[in-house]
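Report on the structure
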Amino acid sequence: MPASTMPNVEPARARPADTCNVQSRRHRPCALSPPCSRRAAGFLERLKMSDSTWTISRVASETELREAWAILGQAYEPPMWKRMSDYDAYVAKVAKHATTLLISSENRIAGGISFYANDTASGKGFITQVMVSPLFQGQGLGTRLLKQCEVECKAHGMKALGLEVRRDNLRAKKLYEHVGFKICGETKGGWLMEKPLF
């Protein structure tokens, strides 16, 4: 098996902090309890990353896909591999038939999107996975991934793009509606959404 070509990536998470080094008129440096310490570290990490250059790259192998999802999947409870009955088969299918894009900065993966753009009979692409680490949500990374997905689907001749979102994932549903997806059906646990590309 060829060696992975992924950069040496680290999970997108806050660094531990024992004291607060956020300085302002309202917040003076102080010793912090663990919850406040984590919040301050997360704030500083987001502040640092918000000025960074984000890069979107393509996953080239199943090994890279597993590595990326191992990083991003830890950000959710339960992790994605615990929510699926046959996670290994799902990863193999996505690696073989779908395209996966990652968004990262300074060798830290912050999010990813996996989609199919190969159904030439229907002309419909389908997004099977969108993940943005909670630490970096609210910075437009999900929107950037979705827009790049649309560009690639159009390049493959897709006329529409669909996805399924869980009924309890209202934040994701709001994001999809914001970029132009509309509900077109229901499943047992969620909604089917679609967006025309032309």
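Report on the accompanying structure.

**Concerning the state of the cysteines**
Summed over the entire model, instances satisfying the criterion amount to zero disulfides. The thiol of C153 is unpaired, and the distance to the nearest cysteine sulfur, on C149, comes to 4.1 Å. With relative accessibility at 0%, the residue C153 sits in the buried group.

**Some words on the packing of aromatic side chains**
Under the criterion given, the structure shown has four aromatic pairs. Seen from their ring centres, W54 and F136 are 5.8 Å apart, and the 75 degrees between their planes marks the pair as edge-to-face. Here the residue W54 occupies a position in the loop between α1 (34–50) and β2 (55–58), and F136 occupies one in the loop between β5 (124–132) and α5 (141–155), the gap between them amounting to 82 residues. For F136, a relative accessible area of 1% translates into the label buried. Between W81 and Y87 the ring centres are 6.3 Å apart and the planes differ by 70 degrees, which places this aromatic pair in the edge-to-face class. Just above the ring of W191 sits the side chain of K173; from NZ or CZ to the centre is 5.0 Å.

**A few points about the packing of helix α2 (residues 62–73) against helix α4 (residues 87–97)**
At their nearest, the axes of α2 and α4 sit 9 Å apart, and the two run at 125 degrees to each other. If you check the angle between α2 and α4, you find them oblique. The two elements α2 and α4 cross, and the hand of that crossing is right-handed. Residue-level contacts link E62, L65, R66 and W69 of α2 to Y87, D88, Y90, V91, A92, V94 and A95 of α4. Split by residue class, the contact of α2 with α4 holds eight nonpolar, no polar and three charged.

**Considering the nonpolar core**
Grouped together as the largest cluster of nonpolar side chains are 27 residues, with contacts concentrated most on I113, F115, I127, C153, Y176 and F181. Listing elements by their share of this core, those giving two or more residues are β3 (99–105), β4 (108–116), β5, α5, β6 (160–166), α6 (170–178) and β8 (190–196). When near neighbours in sequence (up to four residues on either side) are disregarded, C153 contacts F115, Y116, A117, M158, L161 and L197. Membership of the second largest hydrophobic core comes to 16 residues, among which are W69, I71, Y90 and V94.

**Some remarks on α6**
Where α6 is concerned, the buried positions are A172, K173 and Y176. Looking straight down α6, one finds that the buried residues subtend no more than 100 degrees of arc, so they occupy a single side. Away from its buried face by more than 90 degrees, α6 exposes L170, R171, K174 and H178. Contacts from the buried residues of α6 go to β5, α5, β6, β7 (182–186) and β8. Once α6 ends, the next one or two residues include G180, with phi positive near 110 degrees.

How each quantity is defined
- Residues numbered from 1 in each chain as written.
- Predicted model: local features only at pLDDT ≥ 70, side-chain atom pairs only at ≥ 80, totals over all residues.
- Heavy atoms only, no water.
- Disulfide = S-S within 2.5 Å.
- Buried < 20%, exposed > 50% of the residue type's maximum accessible area, 1.4 Å probe, protein only.
- Phe/Tyr/Trp six-rings, centres within 6.5 Å; stacked < 30°, edge-to-face > 60°.
- Helix = DSSP H or I, 4+ residues; strand = E, 2+ residues; numbered from the N terminus.
- Lys NZ or Arg CZ within 6 Å of the ring centre and 35° of its normal.
- Axes fitted to C-alpha atoms, helices over the stretch in contact; angles between N-to-C directions.
- Parallel < 35°, antiparallel > 145°, perpendicular 65-115°, else oblique.
- Left-handed = near helix turned anticlockwise from the far one by under 90°.
- Contact = heavy atoms within 4.5 Å.
- Nonpolar A, V, L, I, M, F, W, Y, C, P; charged D, E, K, R; others polar.
- Core = buried A, V, L, I, M, F, W, Y, C linked by side-chain atoms within 4.5 Å.
- Arc of directions from axis to C-beta.

These figures capture arrangement, not role.
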